[in-house]
Amino acid sequence: MSAMKKILYILIAALLIALALVVQKQMNFSQKNNNVATIVSTGSTYIGTDIGGPFRMINHNGVEVSNRSFADRYKLIYFGFTYCPSICPTELQKMVMAYRELPEDIKPLVQMIFVSVDPERDTPEVMNEYVSLFDPTMIGLTGTQKQVNEIKEEYKVYSAKVANEANTDYTVDHSSYIYFMSPDDQILDLFKMTSTPEEITEQISKMVFARQQI
């Protein structure tokens with residue numbers, strides 16, 4: 001076998017290994033993202049599932065808040081972290097796009113909330129700067145590790161630190177859903193990464209309108 005052929009075979013093998021690692025990483029993330037195993041879908045709604053509950057956090061202005069602080073609003077809630085390179089910005093932008101297309105009589109009834117799963121780095125100051133990049137009405141929530149763990153448990157959120165190879169820094173692996181909650185903190189719907197802004201807008205509009213007729 002010529003030297004050129006050997007090099008070609010080595011390059012092909014390396015490419016196949018790299019591709020396999022990427023696929024495996026994506027499968028692992030998808031599996032963790034599906035760890036909200038207690039969520040059972042009935043059509044497009046999740047009403048009656050054990051998701052959501054009381055919490056106490058610090059908002060992006062440094063003020064302590066609780067779930068009761070948003071008792072007059074429907075909530076669109078996303079859990080992530082500000083150092084997230086791609087998934088969090090994409091999902092938050094999608095949430096904003098969906099929110100901005102809501103009918104004018106429904107939009108004031110909905111509050112967008114971004115909850116950090118990385119309180120070690122996501123201080124109120126960091127959260128303030130971050131949420132302002134997306135929409136001035138978005139609220140960022142952080143807190144102590146204990147507070148974050150408690151709200152994660154209430155919302156069945158998965159997250160875990162992942163150190164880099166040199167163990168000098170870390171990222172955070174986490175589930176990725178947009179929660180749509182009622183004013184009384186009942187889960188109304190759960191939007192996945194495959195949900196489009198248009199689908200989210202349509203579903204929220206239909207559900208809020210239907211509840212207003214009751």
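The structure we're discussing is the one just above.
So, a few notes on the structure that sits alongside this text. (Residues numbered from 1 in each chain as written. Predicted model: local features only at pLDDT ≥ 70, side-chain atom pairs only at ≥ 80, totals over all residues. Heavy atoms only, no water.)

1. A few points about the nonpolar core
Argument step 1. With 52 residues, the main nonpolar core has Tyr155 and Tyr179 as its most contacted residues.
Argument step 2. When residues in this core are grouped by element, the largest group, 6 residues, is from helix 2 (residues 87-100).
Argument step 3. Among all residues touching Tyr155, those that are not within four sequence positions of it are Ile51, Gly52, Gly53, Phe55, Ile77, Phe79, Tyr179 and Met181. (Core = buried A, V, L, I, M, F, W, Y, C linked by side-chain atoms within 4.5 Å. Buried < 20%, exposed > 50% of the residue type's maximum accessible area, 1.4 Å probe, protein only. Helix = DSSP H or I, 4+ residues; strand = E, 2+ residues; numbered from the N terminus. Contact = heavy atoms within 4.5 Å.)

2. As for the pairing of strand 8 (residues 178-181)
Argument step 1. Of the two faces of strand 8, the one lined by Ile178 and Phe180 and the one lined by Tyr179 and Met181 are each fully buried.
Argument step 2. Summarising the sheet, strand 3 (residues 74-80) and strand 8 pair through 4 bridges and their orientation is antiparallel. Bridge assignment links Leu76 to a residue of strand 8, and that residue is Phe180.
Argument step 3. Two successive antiparallel strands, strand 8 and strand 9 (residues 187-191), enclose a turn made up of 5 residues, where Asp185 displays a positive phi of approximately 65°. (Pairing = 2+ DSSP bridges.)

3. Thoughts on helix 2
Argument step 1. For helix 2, which comprises 14 residues, the first-to-last C-alpha distance of 20 Å matches the rise-based estimate of 20 Å (1.5 Å per residue) to within 8%.
Argument step 2. Looking at helix 2, one finds that the buried residues are Cys88, Glu91, Leu92, Lys94, Met95, Val96, Ala98 and Tyr99.
Argument step 3. Along its buried surface, helix 2 packs onto strand 3, strand 4 (110-116), helix 3 (124-131), strand 7 (170-174), strand 8 and helix 5 (197-212). (Expected span 1.5 Å × (residues − 1).)

4. Some remarks on helix 5
Argument step 1. Taking 1.5 Å of rise per residue, the 16 residues of helix 5 would be expected to cover 22 Å, and the 22 Å separating its terminal C-alpha atoms lies within 8% of that figure.
Argument step 2. Along helix 5, the positions that sit buried rather than exposed are Pro197, Ile200, Thr201, Gln203, Ile204, Ser205, Met207 and Val208.
Argument step 3. For helix 5, the elements touching its buried residues are strand 3, helix 2, strand 4, strand 8 and strand 9.

5. Some details on unusual backbone geometry
Argument step 1. The phi dihedral of Lys156 is positive, around 55°, even though this residue is not glycine.
Argument step 2. Considering the arrangement of structural elements, one finds Lys156 in the loop between helix 4 (145-154) and strand 6 (159-163).
Argument step 3. Taking the relative accessible area as the measure of exposure, Lys156 reaches 24% and is therefore partly exposed.
Argument step 4. A positive phi is found at Asn167, a non-glycine position, where the angle reads about 60°.

6. Side note on the sheet that holds strand 8
Argument step 1. Within the open sheet, the 7 strands sit side by side as 2-1-5-4-3-8-9. Their pairing is mixed. Each of the sheet's edge strands pairs with one partner strand only, and the pair in question is strand 2 (64-66) and strand 9. Sheet twist, expressed as the average angle between the axes of neighbouring strands with direction ignored, equals 35°.
Argument step 2. Two strands pair when backbone bridges link them, and strand 1 (residues 56-59) and strand 5 (residues 139-142) are joined in this way by 2 bridges, in the antiparallel orientation. Residue pairing in the sheet places Asn59 in a bridge with Leu141 of strand 5.
Argument step 3. Sitting on the sheet, helix 4 touches strand 1, strand 2, strand 3 and strand 4, and the angle it makes with strand 1 is about 115°. (Axes fitted to C-alpha atoms, helices over the stretch in contact; angles between N-to-C directions.)

7. Let's talk about the pattern of salt bridges
Argument step 1. Enumeration according to the criterion identifies 10 salt bridges in this entry.
Argument step 2. The residue Arg56 makes a salt bridge to Glu64 at a minimum N-O spacing of 3.1 Å.
Argument step 3. A relative accessible area of 47% means that Glu64 is categorised as partly exposed.
Argument step 4. Across the pair Arg121 and Asp118 runs a salt bridge, and its minimum N-O distance is 2.6 Å. (Salt bridge = Lys/Arg side-chain N within 4 Å of Asp/Glu carboxyl O.)

8. Describing the environment of Pro103
Argument step 1. If you trace the backbone, Pro103 turns up in the loop between helix 2 and strand 4.
Argument step 2. Classification of Pro103 by relative accessible area gives partly exposed; the value is 33%.

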